[in-house]
Amino acid sequence: MWTATFLLVAFVLAIVVSATVSAVHPPSHIETIDPAVVRTESEFSRPGVIEDEHGITVVVLAELYRFAPETIRVPAGRPIRFRVTSPDVLHGFQIVGTNANVVVAPGYVSEVVTTFPEPGEYLIVCNEYCGLSHHLMQAKLVVESTP
Ligand SMILES: [Cu+2]
């Protein structure tokens, strides 16, 4: 009995310490956004590739039945941060053949970071059924060789 109580307290303490001291969070990293203003008043009103001192970020809007931008160009060999949200319904964002695969829910910003070692072209698809034209919802990622 005392062993179980001790283990339970130690387990709870380990969670509290890792969450507060080490800032360990669940992998979902919940970042919320108001879906009503996504198209007009947020970074998603101008989707595209942004390069600044933090690196390369690709802002993607997933909506019925398209991704914006429809063609994304990024350099090979550098970490690329994809930030995706939806103003309407649940979508998916999957870069086929890579480990980039996130659920895109209205009200949340989904983020995935990945690096493409070689130049090439990738298909981006929605992998959550979102309506009658779900199968048409796709975009193209062009990974270009770095100079
Ligand atoms: Cu879909």
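Rules behind the numbers
Residues numbered from 1 in each chain as written. Predicted model: local features only at pLDDT ≥ 70, side-chain atom pairs only at ≥ 80, totals over all residues. Heavy atoms only, no water. Buried < 20%, exposed > 50% of the residue type's maximum accessible area, 1.4 Å probe, protein only. Helix = DSSP H or I, 4+ residues; strand = E, 2+ residues; numbered from the N terminus. Pairing = 2+ DSSP bridges. Donors = N, O, S within 2.8 Å, 3.2 Å for Na, K, Ca; no water. Tetrahedral: all angles 85-135°; square planar, octahedral: opposite > 155°, others 65-115°. Patch = residues over 30% accessible without salt bridge, like charges linked within 9 Å, V, L, I, M, F, W, Y side chains within 5 Å. Areas by Shrake-Rupley, 256 points an atom, 1.4 Å probe, with all protein chains shown as cover. Salt bridge = Lys/Arg side-chain N within 4 Å of Asp/Glu carboxyl O. Axes fitted to C-alpha atoms, helices over the stretch in contact; angles between N-to-C directions. Core = buried A, V, L, I, M, F, W, Y, C linked by side-chain atoms within 4.5 Å. Contact = heavy atoms within 4.5 Å. Polar contact = N/O pair within 3.5 Å; in protein donor to acceptor, adjacent residues only side chain to side chain.

**Q** Describe the pairing of strand S2 (residues 55–63), listing the residues and the values that go with them.
**A** Across the 9 residues of S2, 9 count as buried, placing the element largely inside the fold. With 5 bridges joining them, strand S1 (residues 48–52) and S2 adopt antiparallel strand pairing. Opposite Ile 50, over in S2, you have Thr 57 as the bridge partner. Linking two consecutive strands that pair antiparallel, namely S1 and S2, is a turn of 2 residues. By the bridge criterion, 3 bridges tie S2 to strand S3 (residues 66–68) in an arrangement that is antiparallel. What sits directly across from Leu 61, in S3, is Ala 68. Here S2 folds back onto S3 in antiparallel fashion, the turn holding 2 residues.

**Q** Give me the coordination of the copper ion: which residues, what numbers.
**A** Around a metal, the perfect tetrahedron of four donors has angles of 109.5 degrees, and the perfect octahedron of six donors has angles of 90 or 180 degrees. Protein-derived coordination of the copper ion comes from Cys 126 (SG), Glu 128 (O), Cys 130 (SG) and His 134 (ND1), at a distance range of 1.9 to 2.7 Å. Around the copper ion, the 4 donor atoms are arranged such that angles at the metal cover 80 to 126 degrees; this shape is classified as irregular. Along the chain, the residues donating to the copper ion are arranged with the sequence spacing C-x1-E-x1-C-x3-H. Residue Cys 126 shares its accessibility class with His 134, and that shared class is buried.

**Q** Run through a nonpolar patch on the surface, naming residues and quoting values.
**A** On the surface, a nonpolar cluster with roughly 480 Å² of combined accessible area is contributed by Leu 8, Phe 11, Val 12, Ile 15 and Val 16. A relative accessible area of 44% places Ile 15 in the partly exposed class.

**Q** So what's going on with the sheet that holds strand S6 (residues 91–95)? Residues and values would help.
**A** Across the sheet, 5 strands lie side by side as S4-S10-S9-S6-S7; this open sheet has mixed pairing. Every other strand in the sheet has two partners, leaving strand S4 (71–75) and strand S7 (101–104) as the edge strands with one partner each. Each strand of the sheet is rotated relative to its neighbour by a mean of 20 degrees, with strand direction disregarded. The pairing of strand S9 (residues 120–125) with strand S10 (residues 138–144) spans 6 bridges and is classified as antiparallel. When the bridges of S10 are listed, Glu 121 appears paired with Val 142.

**Q** Talk me through the nonpolar core; I want residue IDs and the actual numbers.
**A** Burial of nonpolar side chains together is a common tendency in soluble globular proteins. One finds Phe 67, Phe 82, Phe 93 and Leu 141 to be the most contacted residues of the largest nonpolar core, which totals 25 residues. Considering each element in turn, this core owes the most residues, 4 residues, to S2. When sequence neighbours within four positions are dropped, the list of residues in contact with Phe 67 reads Val 60, Leu 61, Ala 62, Gly 92, Phe 93, Ile 124, Val 125, Cys 126, Met 137, Gln 138 and Ala 139. Counting 7 residues, the second largest nonpolar core, distinct from the first, contains Phe 44, Val 59, Leu 61 and Val 109.

**Q** Explain unusual backbone geometry residue by residue, including any values.
**A** Omega for the bond connecting Leu 64 with Tyr 65 falls within 30 degrees of zero, at -15 degrees, which places this linkage in the cis form. Here Tyr 65 shows up in the loop between S2 and S3. Cis geometry is found at the peptide bond from Ala 68 to Pro 69, where omega equals 0 degrees. Among the secondary structure elements, Pro 69 is positioned in the loop between S3 and S4.

**Q** Please provide a residue-by-residue account of the side chain of Ser 86, values included.
**A** Within the secondary structure layout, Ser 86 lies in the loop between strand S5 (79–85) and S6. Under the relative-accessibility criterion, Ser 86 is labelled buried at 0%. Polar contacts involving the side chain of Ser 86 include one to the main-chain amide nitrogen of Asp 88, which spans 3.1 Å. Within polar-contact distance, the side chain of Ser 86 engages the backbone oxygen of Val 89 at 2.7 Å. Contact partners of Ser 86, with chain neighbours within four places excluded, come to Pro 35, Ala 62, His 91, Val 104, Ala 105, Pro 106 and Gly 107.

Limitation: the analysis is restricted to geometry and does not speak to function.
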